[in-house]
Amino acid sequence: MFTMATVKDEGLYEPQDITMSPWAVQQYDEPGDHHLPTTFDIDYQNLTLWLHEAAILYPQCTNPKLYSTIQPYNPVTVTTPEIPVRSVAVSTKDPFSEGNRSSQGPSHTTDYREYNATAVPLRRKDNRLPLSVNMGNRQETSTDGWWTGIKPAVLLGAKTPQTKKDGHTFKTLEFQVPLDHHQHSPSQNDALLNLHAELVDGLPNPNPAPGSSSSPISPQKRFILYLCGGPGDGNPSDRVPELNKFCLNRGYQVLYVHYRGTGLSPLFVDSTAKAKVLNMSDQDKANYLAKFRQDNIVRDLEAIRLCLENELAIKIKWTLLCQSFGGWVATTYLSFFPKSLEAVYISAGMPPLGKTPREVYEKTYVHIVRRNEDYFNEYFLEDQEHVRTIVEHLRDKAPLQKGVEGQPAPFRGYELYGEHGERKGCYLTYQTFMTLGRTFGSAPVIRRDWDEDEKEEPISLASSIRPKIPIAYQKLHHLITSFISDLDSSSFSSSNNDGKGPISLETLSLYTNLESFALHRRPLYALLHEAIYCSSTCSQTSQPSNWAAIDVALSHPSGGFSWLSPSSTTSTSTSTSTTSPSTSSTPSTTVNKKTKYYFTGETLPPSPVLSPLGGPALTPFLGAANILAQKADWPALYDFCSLRQNPMTAKEGVVKVRAVAYKQDMYVDWELSQQAAGLIGGCELVVCPFGSWGHGSLKEADKTGRVLGWLFDGVLN
């Protein structure tokens, strides 16, 4: 199968301005290179192009200009100088990789063949091949075997239909799958996992006719599989009522599966398995937790699909509808099981293919800093000083807490309680307080340098009464004001207080309601958040995450995150001390009155700081968390060749792939989304034209219908 297109000759001088496939040419240095242009076909079936290497070499070519309409990404034919027939060196290894750079040239065998062609692989400025090319058929990779032999899940039971508050009926399904889909023995009960799912069908039938099918699942309706954000989130079926209504009206039934270890799908199959895991070494715990990323989530979902096929005696293809991290899961699914899919629709969830955790956080921190600047410079100028006061109190004067599991040393903070006064095992410390910037993602940024073609949000009843100050900022300001009021009205001192501190229960309750990590009930978010970016798909991403978010924050030129340093000190004490300049690359940790205090977004500090944030659900795994941060041998999460060949791999029809990206998304950078879309064959990317819309627009009642219209119909209505 060939795909043709043409790139203008002048494009060779400015490749960054051309909408191209992710491998392209940089300008030639040789005279005459541009005198005899010709076009040639790229046979994607027989010529294996390692697209991930090309994307790393030529990032500018994966960033075409997009408009506020769908821009399909299609492969192209490139204009290149005509040359005579000659021998071409072809190798499956990159002769210019670190291990092969020597004065004697590549150490591996080079295969010389004669090709009757009028073009050669494109070259870089230094005339080197941009990537290795294998002219033979695609070789089976070492990971291919990990994606075969998936067995159907076991359907443990299905409860009678129930009705949600929004009026839709749903059925509860319980499945059982292996912890490891390739190393499971039927006798290993502790190596099993239970998965909770809810099927929304909207068709109550309390009195089925005699002789009707005993299956509680309709075989007539197509399936939408809704993939929620995360990692670590549950997936309740009533979270977005408008989404259910939209899908039911289009003749679908919607299946919500709680990913393994999240929500109502427990981390352990039973108490025996839990005790066994908790008694493991940190290394074994890390090995256990490593099985809860998106690769095994996909295997679970494929096992459920096979189970339902057996149950209903029909062929099932999922339509994946994804939000945020759900897009990560869907892209892995598309990589390895394209024949199981009918369509993939993603909102704010294009994974940053071929990017390291550090590269991802360098992008997202731009959005985090921008919102901090909005909050402190445009809305609440006085709060910078108030935040400094709160941090200094929490760090230096808050009640001293005894050491807890995972953090044996005493620390300062306030214990938090549940709605009924129960102890949660979680604490408010200065570090946990400064993570409240995670709520900033719902706030639109102040217009500074938006594109001219970006539209204002349409006027509606909901938007017309919206307060000028974003709700997320209002809530945080209210909490800060309450903190300051407590501190101002208290004569607290460490010598005469009863040990409870001056912060009121009302203020602590405000903090509890605003803190959104909720690691006490979703510990996997903290343990695997950086790991979802690690993959052996290419050498660029085959490296440890190494707490990349903190590293990026501490090195940010704003200096607003210096409080993250574990050795940070305050210069406001009565005794003045001088600190000599650091000779290392670590930013200075001395904090003074002029130091900025910026809130972090999705950044989570390494253990043991995580312990007060996550409580007993997280602390047993803090040692494992550090091991996971150093882990380099992560399995592959994507197959770039399969993704690029999407239009050619589905013999029964192309898997439709469409995504919506948001320019001001604080969690998923839209430029990285563009690049990812360029690596997926046939992918259409819709750029939301409204600057005030963001990451969670799919879940907002007044926006859900429009976002779903873009995804399913591909038009900006």
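Residues numbered from 1 in each chain as written. Predicted model: local features only at pLDDT ≥ 70, side-chain atom pairs only at ≥ 80, totals over all residues. Heavy atoms only, no water.

## Regarding the pairing of strand S12 (residues 169–178)
- Burial of S12 is extensive: eight of the 10 residues sit out of reach of the surface.
- Bridge count for strand S10 (residues 154–158) against S12 is four bridges, and the pairing is antiparallel. Within the sheet, the bridge partner assigned to Leu155 lies in S12 and is Phe175.
- Here S12 pairs with strand S13 (residues 192–200) via nine bridges, running antiparallel. Bridge assignment links Glu174 to a residue of S13, and that residue is His196. (Buried < 20%, exposed > 50% of the residue type's maximum accessible area, 1.4 Å probe, protein only. Helix = DSSP H or I, 4+ residues; strand = E, 2+ residues; numbered from the N terminus. Pairing = 2+ DSSP bridges.)

## With respect to the pattern of salt bridges
- This model, assessed by the stated rule, comprises 20 salt bridges.
- In this structure, the salt-bridge partner of Arg423 is Glu415, at a minimum N-O distance of 2.7 Å.
- Judged by its relative accessible area of 12%, Glu415 falls in the buried class.
- When the shortest N-O distance is used, the salt bridge between Arg658 and Glu684 registers 2.8 Å. Placement of the pair is Arg658 in strand S24 (residues 656–661) and Glu684 in strand S25 (residues 684–687), with a sequence separation of 26 residues.
- Given a relative accessible area of 7%, Arg658 falls into the buried group. (Salt bridge = Lys/Arg side-chain N within 4 Å of Asp/Glu carboxyl O.)

## Quick look at the packing of helix H2 (residues 241–249) against helix H20 (residues 701–713)
- At their nearest, the axes of H2 and H20 sit 9 Å apart, and the two run at 40 degrees to each other. Of the possible angle classes, the one that applies to H2 and H20 is oblique. Note on packing geometry: the crossing formed by H2 with H20 is right-handed. Contacts between H2 and H20 involve Glu242, Leu243 and Phe246 from the former and Ala701, Thr704, Gly705, Leu708, Gly709 and Phe712 from the latter.
- Its residues assigned to classes, the contact of H2 with H20 comprises five nonpolar, three polar and one charged. (Axes fitted to C-alpha atoms, helices over the stretch in contact; angles between N-to-C directions. Parallel < 35°, antiparallel > 145°, perpendicular 65-115°, else oblique. Left-handed = near helix turned anticlockwise from the far one by under 90°. Contact = heavy atoms within 4.5 Å. Nonpolar A, V, L, I, M, F, W, Y, C, P; charged D, E, K, R; others polar.)

## Topic: the nonpolar core
- Grouped together as the largest cluster of nonpolar side chains are 173 residues, with contacts concentrated most on Leu255, Trp318, Leu320, Leu321, Phe433 and Phe599.
- At nine residues, helix H5 (residues 294–312) tops the list of elements feeding residues into this core.
- Leaving out residues up to four positions away in the same chain, Leu320 has contacts with Leu225, Leu227, Ala330, Tyr333, Leu341, Ala343, Val344 and Tyr345. (Core = buried A, V, L, I, M, F, W, Y, C linked by side-chain atoms within 4.5 Å.)

## Considerations on the pairing of S24
- The element S24 is extensively covered by neighbouring structure, given that five of its six residues are classed as buried.
- Relative to S24, strand S17 (residues 341–347) runs parallel, the two sharing five bridges. Across the sheet, Ala343 pairs through a bridge with Lys656, a residue of S24.
- Direction of pairing for S24 relative to S25: parallel, over a ladder of four bridges. Paired with Val660 across the strands is Val686, a residue of S25.
- Taken together, S24, helix H19 (residues 670–677) and S25 constitute a β-α-β crossover, and its handedness is right-handed. (Right-handed = clockwise from strand over helix to strand, strands pointing away.)

## Observations regarding the packing of aromatic side chains
- As enumerated under the stated definition, the model contains 31 aromatic pairs in all.
- Taking the centre distance of 5.9 Å and the plane angle of 70 degrees together, the rings of Phe561 and Tyr598 count as edge-to-face. With Phe561 in the loop between helix H14 (548–554) and strand S22 (569–570) and Tyr598 in the loop between strand S23 (590–591) and helix H15 (610–614), this residue pair connects regions lying 37 residues apart in the sequence.
- Classification of Phe561 by relative accessible area gives buried; the value is 1%.
- Taking the relative accessible area as the measure of exposure, Tyr598 reaches 4% and is therefore buried.
- Among the aromatic residues, ring-to-ring pairing joins Tyr365, Tyr375, Phe376, Tyr379, Phe380, Phe433, Phe440, Tyr473, Phe483, Phe561, Tyr598 and Phe599 into one connected group.
- Positioned above the aromatic ring of Phe621, the side-chain terminus of Lys285 is 5.9 Å from the ring centre.
- We note Arg522 situated over the ring of Tyr525; from NZ or CZ to the ring centre the distance is 4.4 Å. (Phe/Tyr/Trp six-rings, centres within 6.5 Å; stacked < 30°, edge-to-face > 60°. Lys NZ or Arg CZ within 6 Å of the ring centre and 35° of its normal.)

## Considering helix H6 (residues 325–336)
- A rise of 1.5 Å per residue sets the reference length of H6, with its 12 residues, at 16 Å; its end C-alpha atoms lie 18 Å apart and thus fit the reference within 8%.
- Across the 12 residues that make up H6, a large majority, 12, are buried.
- Of all the residues in H6, the buried ones are Phe325, Gly326, Gly327, Trp328, Val329, Ala330, Thr331, Thr332, Tyr333, Leu334, Ser335 and Phe336. (Expected span 1.5 Å × (residues − 1).)

## Focus on the side chain of Asp639
- Checked against the element boundaries, Asp639 lands in the loop between helix H16 (622–629) and helix H17 (640–644).
- In this structure the side chain of Asp639 is engaged in a polar contact, spanning 3.1 Å, whose partner is the backbone nitrogen of Ser642. (Polar contact = N/O pair within 3.5 Å; in protein donor to acceptor, adjacent residues only side chain to side chain.)

## Some thoughts on the environment of Thr704
- With respect to the helices and strands, Thr704 occurs in helix H20.
- The class for Thr704 is buried, based on a relative accessible area of 0%.
- Residues Thr704 and Pro241 lie 463 residues apart in sequence; the distance between their C-alpha atoms is 9.3 Å.

## Regarding helix H4 (residues 282–289)
- Three or more residues of H4 are buried, namely Lys285, Ala286, Tyr288 and Leu289. Across the axial projection of H4, the buried residues extend over an arc of 160 degrees, all falling on one side.
- Contacts from the buried residues of H4 go to S13, helix H3 (271–278), helix H13 (524–528) and H16. (Arc of directions from axis to C-beta.)

## A word on the environment of Gly349
- On the secondary structure map, Gly349 appears in the loop between S17 and helix H7 (357–379).
- Judged by relative accessible area, which is 1%, Gly349 ranks as buried.
- When the C-alpha atoms of Gly349 and Tyr662 are compared, they prove to be 9.9 Å apart, with 313 residues separating the residues in sequence.
- With sequence-adjacent residues up to four places away left out, Gly349 is seen in contact with Ser324, Gly327 and Trp328.

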